[in-house]
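So you can see what is in the structure, the chains are spelled out below.
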Amino acid sequence: AQSVAQPEDQVNVAEGNPLTVKCTYSVSGNPYLFWYVQYPNRGLQFLLKYITGDNLVKGSYGFEAEFNKSQTSFHLKKPSALVSDSALYFCAVRDGSASKIIFGSGTRLSIRP
Amino acid sequence: NAGVTQTPKFRILKIGQSMTLQCTQDMNHNYMYWYRQDPGMGLKLIYYSVGAGITDKGEVPNGYNVSRSTTEDFPLRLELAAPSQTSVYFCASRSSYEQYFGPGTRLTVT
C-alpha cells in the first residue's frame, strides 16, 4: 500500500530565509511524487512533480524539490521565502502502476516579515 | 477554460437527508477523484474513476456512492447524511500525471 508522511504540522520561517517542508513516502513500485499548495478557502494548486530523471525538480513560484530514493523522501525547498508563500502545502504520491493518489496530512507554512 | 467545476459551493443538510455533489471537467481526462478535507486535516480519497463506467473505492468510501456515465461528469452521492460527513469536498481530474482540482463544496450536516 502506498502512503505519505509530512512530519511537521507547521513550519515557521523569516522572510528571505531558505525554507524546507519535509515529505517521506512508501510505495511498492516506482514513485510519482507531487507537491500542491492550498491558499485559504481555495482548491489545491499543482506546484511540481517528480516522475523520473533528475533528482532535483523545479516548479512554480521558485519552489524546488529533491527526490532521494535511499531515504524515500521528497522535500520541498525554496532558497528565499516570501510572506506570500504562507499557505498549506501537501505532498502526494502515486505508485507508477496505480491509479490512486494519496496525500499527506499537510504542512502549514508561515513566513513572518 | 473552466477546468474542474463543482456545485454547489455550500450546503447545509439535516441528519438523514441525501444529496448529490456535482463535478464536471472539460479537459477530457479519464481519471477523476473525490476527496474530503476535514478542518485542519489533509485530504482523504473517497472514490475514484479511471474512465466512464469504471469506479473504485478509496480510503473512506462508507456513506458515499459514485457513478461515471460520461467522461465529463463524476457525481458523489451522500445517502442518509451524518454529522461525521461535515467536511469540504474536492473533486479532481488528471491527465498523465498531476491532478487539477475544483474549488470545493463546503458541506455541513446538523
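This text follows the structure it describes.
Residues numbered from 1 in each chain as written. Chains lettered and ligands numbered in written order. Predicted model: local features only at pLDDT ≥ 70, side-chain atom pairs only at ≥ 80, totals over all residues. Heavy atoms only, no water.

Here we come to the state of the cysteines. On inspection of all chains with the given rule, the structure shows two disulfides over all chains. Across a sulfur-sulfur distance of 2.0 Å, Cys 23 of chain A and Cys 91 of chain A are joined as a disulfide pair. What sets the handedness of the Cys 23 of chain A and Cys 91 of chain A disulfide is the S-S torsion sign, and at about -65° it is left-handed. Remark: Cys 91 of chain A occurs in strand 10 (residues 87-95) and Cys 23 of chain A occurs in the loop between strand 3 (19-21) and strand 4 (24-26); sequence separation between them is 68 residues. The exposure class of Cys 91 of chain A is buried, given its relative accessible area of 0%. The residue that forms a disulfide with Cys 23 of chain B is Cys 91 of chain B, at a sulfur-sulfur distance of 1.8 Å. Between Cys 23 of chain B and Cys 91 of chain B, the S-S dihedral sits near -70°, and the bridge is therefore left-handed. A residue pair is termed long-range when its members are at least 10 positions apart, and Cys 23 of chain B in strand 3 (residues 19-25) and Cys 91 of chain B in strand 9 (residues 87-94) qualify at 68 residues. (Disulfide = S-S within 2.5 Å. Helix = DSSP H or I, 4+ residues; strand = E, 2+ residues; numbered from the N terminus. Buried < 20%, exposed > 50% of the residue type's maximum accessible area, 1.4 Å probe, protein only.)

What follows is about the layout of surface pockets. Approximately 840 Å³ is the volume found for the largest pocket. In terms of lining residues, the largest pocket is bounded by 39 residues, among which Gln 38, Asn 41, Arg 42 and Gly 43 of chain A together with Phe 90 of chain B are the most central. When residues of the lining of the largest pocket are traced back to their parent elements, those giving at least two are strand 6 (44-50), strand 10 and strand 12 (107-112) of chain A together with strand 9, strand 10 (99-101) and strand 11 (105-109) of chain B. Per element, the largest residue contribution to the lining of the largest pocket is four residues, and it comes from strand 11 of chain B. (1 Å grid on protein atoms, 1.4 Å probe; cavity = no way out; pocket = protein on both sides within 12 Å on 5 of 7 lines; lining within 4 Å. Points joined across faces, edges and corners; volume = space filled by probe spheres on them.)

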